[in-house]
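Below are the chains, spelled out letter by letter.
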Amino acid sequence: MNRAKQAVLLVGSPKGLARSTSSRRAAVLLDALQDRGWAVSKLHIHAALRSQEDTDVLLAAAASADLVILACPLYVDSLPAPVIRVLELLHAARTRDGEETRFLTLMNCGFPEASHNDTALAICRLFARAMGWTWAGGIALGGTGMGVSGAAWHKVVRLTVDALERGEAVPDEAVALAARPPTKIWLYMLAGNLMWRRQAKKNKVRQRLGACPYAEREHS
Ligand SMILES: Cc1cc2nc3c(=O)[nH]c(=O)nc-3n(C[C@H](O)[C@H](O)[C@H](O)COP(=O)(O)O)c2cc1C
């Protein structure tokens, strides 16, 4: 009997498996794979890095998986530091056992345009190459995924799982659908600006919101 294909989801948000947007979106993909007979598991990168034992569990899970899915938020146009750490550890522990491992990344950013994720996805694609893994594509969400309704996300997931089962990468149609910005960008920006102002007030830096410290230093 053929063994079930294994997929492991690595979540790289400090918010954890339950609260992170990246995690919740990726969980739908993992459920869809499970419905198609895949054996699936989910690990939180930040939690795993807290002990050597849990780090080893994560490295072993990735090493034995047919498909590794990384889901994480965009931080300063790149990957969160614990995610970079895990990629370094995976690279240091890599083996060439002849089994194909595919790598798919789901990046999720706060700005409305999903294209902010492009650099981080390129990093992940190059990481896959350095690992000897097959790049299964990158899905980028903008506006914390608020442009993509639940129904649209299920379509992205269905198109992605169909492609994965055929041994292909995430199709362009799924990538384009996921990248939709929030329809009412002005409302999204308004809510975002309100949130920043509220936080600035709470932290007593309301007057310094427009500060450009490095630019100021350059001109002085
Ligand atoms: C420290 C930090 C840095 C961030 N940097 C960016 C950024 O460079 N570009 C962007 O569009 N969003 C940025 N964001 C927003 C997150 O990517 C966004 O809120 C994401 O949806 C969070 O996903 P999560 O719920 O899975 O953690 C940043 C958030 C934090 C906390």
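Our structure is the block above this text.
As the structure is a computational prediction, the values presented were derived from the model and not from experiment.

Cut-offs applied
- Residues numbered from 1 in each chain as written.
- Predicted model: local features only at pLDDT ≥ 70, side-chain atom pairs only at ≥ 80, totals over all residues.
- Heavy atoms only, no water.
- Near = heavy atom within 4 Å.
- Polar contact = N/O pair within 3.5 Å; in protein donor to acceptor, adjacent residues only side chain to side chain.
- Areas by Shrake-Rupley, 256 points an atom, 1.4 Å probe, with all protein chains shown as cover.
- Nonpolar A, V, L, I, M, F, W, Y, C, P; charged D, E, K, R; others polar.
- Salt bridge = Lys/Arg side-chain N within 4 Å of Asp/Glu carboxyl O.
- Helix = DSSP H or I, 4+ residues; strand = E, 2+ residues; numbered from the N terminus.
- Buried < 20%, exposed > 50% of the residue type's maximum accessible area, 1.4 Å probe, protein only.
- Expected span 1.5 Å × (residues − 1).
- Arc of directions from axis to C-beta.
- Contact = heavy atoms within 4.5 Å.
- Phe/Tyr/Trp six-rings, centres within 6.5 Å; stacked < 30°, edge-to-face > 60°.

> I'd like to hear about the site of the ligand, residue by residue, with values.
Around the ligand there are 15 residues in total, and S13, K15, T21, S22 and L74 lie nearest to it. Here an oxygen atom of the ligand sits 2.7 Å away from a polar atom, N or O, in the side chain of S13. Here an oxygen atom of the ligand sits 2.7 Å away from a polar atom, N or O, in the main chain of L74. Computed on the free molecule, the ligand has an accessible area of 640 Å², of which 73% lies beneath the protein chains in the complex. Looking at the shell around the ligand residue by residue, the classes come out as six nonpolar, seven polar and two charged.

> How would you sum up the pattern of salt bridges? Please name residues and give values.
As enumerated under the stated definition, the model contains six salt bridges in all. Between D162 and R36 there is a salt bridge whose closest N-O contact spans 2.7 Å. In this pair, D162 is assigned in helix α7 (residues 150–165) and R36 in the loop between α2 (21–35) and β2 (39–44), connecting sequence segments 126 residues apart. By relative accessible area, R36 is classed as partly exposed at 35%. Its salt-bridge partner being R36, residue E165 comes within 3.1 Å of it at the nearest N-O pair. Taken together, the residues E165 in helix α7 and R36 in the loop between α2 and β2 connect sequence positions 129 residues apart. Look at the salt bridges and you will find they share partners, linking R36, D162 and E165 into a network.

> Run through helix α4 (residues 52–64), naming residues and quoting values.
Taking 1.5 Å per residue, 13 residues should reach 18 Å; α4 reaches 18 Å between its end C-alpha atoms and fits that length. Of the residues making up α4, those classed as buried are T55, L58, L59, A61 and A62. For α4, the angular spread of the buried residues around the axis is 160 degrees, confining them to a single face. Turned more than 90 degrees from where α4 packs its buried face, Q52 and E53 sit exposed. Looking at the buried positions of α4, the neighbouring elements they touch are β1 (6–11), β2, α3 (45–48), β3 (67–73) and α5 (81–92).

> Outline the packing of aromatic side chains, listing residues and values.
Each aromatic ring pair is specified by the distance between its two centres and by the angle formed by the two planes. If you walk through the whole model with that rule in mind, you get four aromatic pairs. Between the aromatic rings of F103 and W135, the centroid separation amounts to 6.0 Å while the plane-to-plane angle is 50 degrees, which identifies the pairing as tilted. In this pair, F103 sits in strand β4 (residues 102–108) while W135 sits in strand β5 (residues 134–141), placing the two residues 32 residues apart along the sequence. Take F103: its relative accessible area is 1%, and that puts it in the buried class. Under the relative-accessibility criterion, W135 is labelled partly exposed at 24%. For the pair F127 and W133, a centre-to-centre distance of 5.6 Å together with 85 degrees between the ring planes defines the contact as edge-to-face. Like W133, F127 is buried.

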